[in-house]
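# Breakdown of the fold
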Amino acid sequence: MIKKIKIMLAAVLGVSLLASGAFQQGAYAISGSTPLPKQKAGNWEQLKYTWTTEANGNDFSGTVIGNGRIGARVAGGVATDTLQLNDKTFWSGEPGDVHSASRITALAETRRLLAEADTATSVTYRENKLKAAEEAAKGMWGRGSYASRYLPIGKLMLDVPGTAGFTNYSRELDLDRATVTTKYTVGTTTYTREVFASYPDNVIVMRISNNENKPMSMTARLTYPMEMTGHAAVQSSGNEITMTGTANYNLGRTSQWAAGRGTTFDSRLRVKTAGGTVTPTNGNLEISGANEIILTYANATSYKDPFTLPNPSQGGNDPAPIVTAIMNNAIVKSYGTLLNNHLNDYRKLFRRLWVEVNGNTGAAFDYIKTYQYSRYEIISVSRENTTDRPRNQQGMWNHEWIPETDSSHFLNENVQKHYANIETANLTEMGDPLWKWIKNLAISGAQTAQQDFGFDGWMAPQYSDIWAATPLADTNNEWAIWPMGGIWLMNTVYEHYLFTKDKSFLQNTAYPLMKGAAEFALDLLVTNKDGYLVTSPSTSPENKYKLSDNTLIAVSQGSSMDMALIRQLFHDVLEAASVLQANRADDLDLIHRITAATPHLLPFASGSQGELKEWNNDYPGKDPVHRHASHLVGLNLRDVLTKRGTPNLFEAARKSMELRGTGATIDKSYMWARLGEADKALQAHKLFQIDPNRNKYQTISAYVPELFVQSHAGEIELLPSLPTGWSSGKIVGVKARGGYELSIEWVNGQLVSAQIDSPFGTKPIVRYQNQLLNVDTDARIVFVNSSEVIVDNTAAELTGSWTSSTILSNYYGSNYLYASTKTGISKIKWKPNLPYSGTYKVYYKLPNGNISRATNAPFNVHDTTGDHIYYVNEQVTPSPGWVSLGNFTFTSGTNGYVELTNNANNEVVNADAVKFEFVSP
């Protein structure tokens, strides 16, 4: 009977598929619609900035390049060209233990005085106590007035003869190529210098050529800062210049050196030419008669981390062999190879997001191009697996021995607003240096919390440096005694999880850090006279309020900024603990304490003008248009100040923004975008302009995606804050919380279409113009379940003899295949093109079986760890028909596969479709 059934199947319904070897049947299939491509289509050639005058190699007017660790500001000079050189790990100073138990005493005294002021029954008594608290808080001050300084390495300089009377000068930054190209003409000859910083090859490369293949001569030099004289050296040999130097080991503005102390660097410049000669002379390289010149620059420092003993500044790494290996690896590659490596690497990141408004013409394009420039900058300054150094106050480009604010990492707004761009901009990996640095901060911050506060957990102050210093600052209470930097950073850390849903990151990085920050926050809270929990002491950086006699005071209890940050942190810790099902004793204790504390946190209050109050008192601020608006930080968070969740407070925040006038940093444009005031957001934003200081600080443009999509309030809102006049456009590749990737298009100010790719198969709540949309029925919405990649038998590689059939029910697609059971001669391999690296659940689509089918069909799942064999009984009648083979780890692309052979029992082995369902990164 079995034999008869087999013959009937073959004769009536079967089509024999004979293969002497493997072959590919078409492309892989994804269930539902097609996800957005990783590299977006767009007129990338538009994204250029051009200057027609040379920059000054001694200021901030050059054009920046960087590979995430080393960078340069390119002046583009003709007779003398200058590249200001930087390495993110070259700082002054060393770690130091500056803790003091006396600060615990000062903390207790300050808290006592603030509590007495809180319960005061007369103005005079209260204000005397506040003045006394302001003075007592100075006992909490920590390190001296200065932190470590971010130092320049020096300069790469080219002295070029024969350029007098040049014409047609241009210097162009191509954002899509991450290259700076300088051109000028002498006579009939056009000379070109193209320079880029390569992440894959870890070098800066410059190519010098001309359109007439004329021989060229010039002198190449490396120079160190004059302040380093006596502590640096330059020498040349063959076709290479070596420059070495040492940073001062002390803090402060006067530099001190000592043997064995201070971070060291080793820089190399090597020259290759087509034709001509290269001669080392007095530490320089004299290049003569070359038709083409290629300069390759590499650098390394002794920095490893802040904790290497006995001396982290020189005990971490020996830079000489590191830079030698980098140079030797790069120099053997042709210029074309180096350039292609750079372009392929960079564009995989930069081309993830395309945005276009009004055809990218007119005034709107200036904003869009500035936004893309900000994406270029963060790629240049903060690459994955480069170092534990996030971008600093000036990005990474600094030529000054004593930079403004020491070019430190400021945590009372700057670090957070700079990194607000990475998630929505589809550049999530750029956070890697920041996460590593925060881990360093947590180690140092735990010591500070214990020794200077007597608290559990960890903290971070207003600013820090390469050594992850966490003691409080000094000079002025309005910034010095603010210990909330770590708590605000936790919002940035948890956002990374919300955008990626990376449980491994949540488990191993975010949640442990958040727990420590929450423990510190709980100890910082005290109960006020009304029974509310308030931070004490508290400030609103960098502002003060005025007493009745005009005395300026910084300290108080429970500033609005503090309470907003703690409220968000507590919410996030509880949510993270739930996701991770955290049930250790210390987890449960913390959850209990946070749950008990949250209802008693001091609520926000409105002032006499309907504004959100900045302090927990009725005193006016020292300046009604103060540059900071720290009390409005809730607009930058998720659950604290929202249009629908807290409508009254939301409107109070709007009033505060209006009253702040020209002030209100943190990112004024971002806050206006959250408030739905798109035109004000544009008015407040500084475009990337041609002025001497345009590169002094990084461009802030995180507000731009907020104009088109917002996802912070538990739903995806489309076009929530579209500027007047931005009538048509599209944004493709923007990310939303939940792991979603979107493409949004609008015409005449109205939504036309929105594709929502869901990497986990979840469906979001979607809102447009105050109406909820049905993602299944709204004609404007395309929902793509990109968590599933299904490879049908029609897209699999076949070996041997397989027969197509449709006689059995419950198959996937147009048919299924079967092969007679033998000894593994016939094989089928399902090879997916996976969009993400991570864990996938693998399923096999099993048609309804019968007794002729194998009970031990051998499926081999090949993932990153090797081969895994699973046997499937194909005689059963499954429901719904997808049989789980288990969870496996794959890299993105086509490296993994599932293979079935006919080495089984009974008569026939079936082969249908295989599904790969994304679980987590």
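As annotated in an unreviewed UniProt entry, the protein chain carries the name Glycoside hydrolase N-terminal domain-containing protein and comes from Paenibacillus chondroitinus.

This brings us to the overall build of the protein chain. Helix and strand counts for the protein chain come out as 18 helices and 43 strands. Relative to the 2.2 N^0.38 estimate, which gives 29 Å for 921 residues, the radius of gyration of the protein chain is 31 Å and therefore close to what a compact globule would have. Along the first, second and third principal axes, the C-alpha atoms of the protein chain reach 105 × 80 × 60 Å. Relative to its 921 residues, the protein chain shows a buried fraction of 59%. For the protein chain, restricting intrachain contacts to residue pairs at least 6 apart in sequence, the fraction spanning at least 24 positions comes to 73%. Accessible surface, the protein chain: about 33,100 Å² in total, of which carbon and sulfur atoms supply 50%. One way to put it: in the protein chain the 83 positive side-chain charges average out to a point 3 Å from where the 87 negative ones average out.

Right, let's get into the environment of arginine 767. By the secondary structure assignment, arginine 767 is in strand β30 (residues 766-768). Ignoring sequence-local partners within four residues, the contact set of arginine 767 consists of Arg644, Glu715, Ile716, Glu717, Leu718 and Leu772. There is a polar contact of 2.4 Å between the side chain of arginine 767 and the side chain of glutamate 715.

Within strand β41 (residues 897-901), 5 of the 5 residues are buried, which leaves it mostly tucked inside the rest of the structure. Burial of the side chains of β41 extends over both faces: Tyr897, Glu899 and Thr901 are buried on one face and Val898 and Leu900 on the other. Here strand β36 (residues 827-830) pairs with β41 via 4 bridges, running antiparallel. Looking at β41, one finds that isoleucine 828 is bridged to leucine 900. When strand β38 (residues 857-863) meets β41, the two strands line up antiparallel, connected through 4 bridges. Across the sheet, histidine 862 pairs through a bridge with tyrosine 897, a residue of β41.

Looking now at the pattern of salt bridges. If you walk through the whole model with that rule in mind, you get 50 salt bridges. Between arginine 112 and glutamate 116 there is a salt bridge; the shortest N-O distance is 2.7 Å. Within this pair, arginine 112 and its partner glutamate 116 are both found in helix α2 (residues 102-118), separated by 4 residues, close to a single helical turn. Classification of glutamate 116 by relative accessible area gives partly exposed; the value is 21%. The partner of glutamate 292 in a salt bridge is arginine 207, with the nearest N and O atoms 2.7 Å apart. Residue glutamate 292 is found in strand β17 (residues 292-301), and its partner arginine 207 is found in strand β10 (residues 203-210); the two are separated by 85 residues along the sequence. Connected through shared salt-bridge partners, Lys643, Arg644, Glu715, Glu717 and Arg767 make up one network.

The next thing to look at is the sheet that holds β30. Strand order in the open sheet made by the 4 strands is β25-β26-β30-β31, with mixed pairing throughout. Looking at strand neighbours, the two that pair on one side only are β25 (709-710) and β31 (771-773), the edges of this open sheet.

The next subject is the side chain of arginine 177. Position of arginine 177 among the secondary structure elements: in the loop between β7 (167-174) and β8 (179-186). At a separation of 3.1 Å, a polar atom in the side chain of arginine 177 contacts the side chain of threonine 179. Sequence-distant contacts of arginine 177, that is, excluding residues within four places in its chain, are made with Glu194, Leu339, His342, Leu343, Tyr346 and Arg347.

Moving on: the nonpolar core. Judged by nonpolar contacts, the single largest core of 206 residues is most densely connected at Phe570 and Leu718. If one sorts the elements of this core by residue count, helix α12 (residues 503-524) sits on top with 12 residues. Sequence-distant contacts of leucine 718, defined by excluding residues within four places in its chain, comprise Phe708, Leu742, Ile744, Leu751, Ala754, Val766, Arg767, Tyr768, Leu773 and Ile781. Trp802, Val842, Phe859 and Leu885 belong to the second-largest nonpolar core, a separate cluster that totals 30 residues.

Burial along strand β33 (residues 788-791) is two-sided: Glu788 and Ile790 facing one way and Val789 and Val791 facing the other are all buried. Pairing of β33 with strand β43 (residues 914-920) involves 4 bridges; the strand directions are antiparallel. When the bridges of β43 are listed, valine 791 appears paired with valine 914.

Once that is clear, we can look at the side chain of threonine 179. Examined against the element boundaries, threonine 179 turns out to sit in strand β8. In this view, threonine 179 contacts Glu172, Leu173, Asp174, Glu194, Val195, Phe196, Leu339 and His342; residues no more than four positions away in its chain are not counted.

For helix α3 (residues 123-136), with 14 residues, the first-to-last C-alpha span of 20 Å sits near the 20 Å given by 1.5 Å per residue. Of the residues making up α3, those classed as buried are Glu127, Lys129, Leu130, Ala133, Glu134 and Ala136. Lining the buried residues of α3 we find α2, α10 (477-480), β23 (545-546) and β24 (552-553).

Now for the packing of aromatic side chains. In the structure shown here, the tally under the stated rule is 40 aromatic pairs. Put simply, the rings of Trp44, Tyr49, Trp51, Tyr346, Phe350, Trp354, Tyr373, Tyr376 and Phe688 pair up and form one aromatic cluster. Cation over ring: lysine 915 sits above tyrosine 843, and NZ or CZ is 4.8 Å from the ring centre. Sitting over the ring of tryptophan 882, lysine 915 keeps its end group 4.5 Å from the ring centre.

Reading the values: the criteria
Residues numbered from 1 in each chain as written. Predicted model: local features only at pLDDT ≥ 70, side-chain atom pairs only at ≥ 80, totals over all residues. Heavy atoms only, no water. Helix = DSSP H or I, 4+ residues; strand = E, 2+ residues; numbered from the N terminus. Rg over C-alpha atoms; globule rule 2.2 N^0.38 Å. Buried < 20%, exposed > 50% of the residue type's maximum accessible area, 1.4 Å probe, protein only. Contact = heavy atoms within 4.5 Å. Areas by Shrake-Rupley, 256 points an atom, 1.4 Å probe, with all protein chains shown as cover. Lys, Arg positive; Asp, Glu negative; His and termini not counted. Charge placed at Lys NZ, Arg CZ, Asp CG, Glu CD. Polar contact = N/O pair within 3.5 Å; in protein donor to acceptor, adjacent residues only side chain to side chain. Pairing = 2+ DSSP bridges. Salt bridge = Lys/Arg side-chain N within 4 Å of Asp/Glu carboxyl O. Core = buried A, V, L, I, M, F, W, Y, C linked by side-chain atoms within 4.5 Å. Expected span 1.5 Å × (residues − 1). Phe/Tyr/Trp six-rings, centres within 6.5 Å; stacked < 30°, edge-to-face > 60°. Lys NZ or Arg CZ within 6 Å of the ring centre and 35° of its normal.

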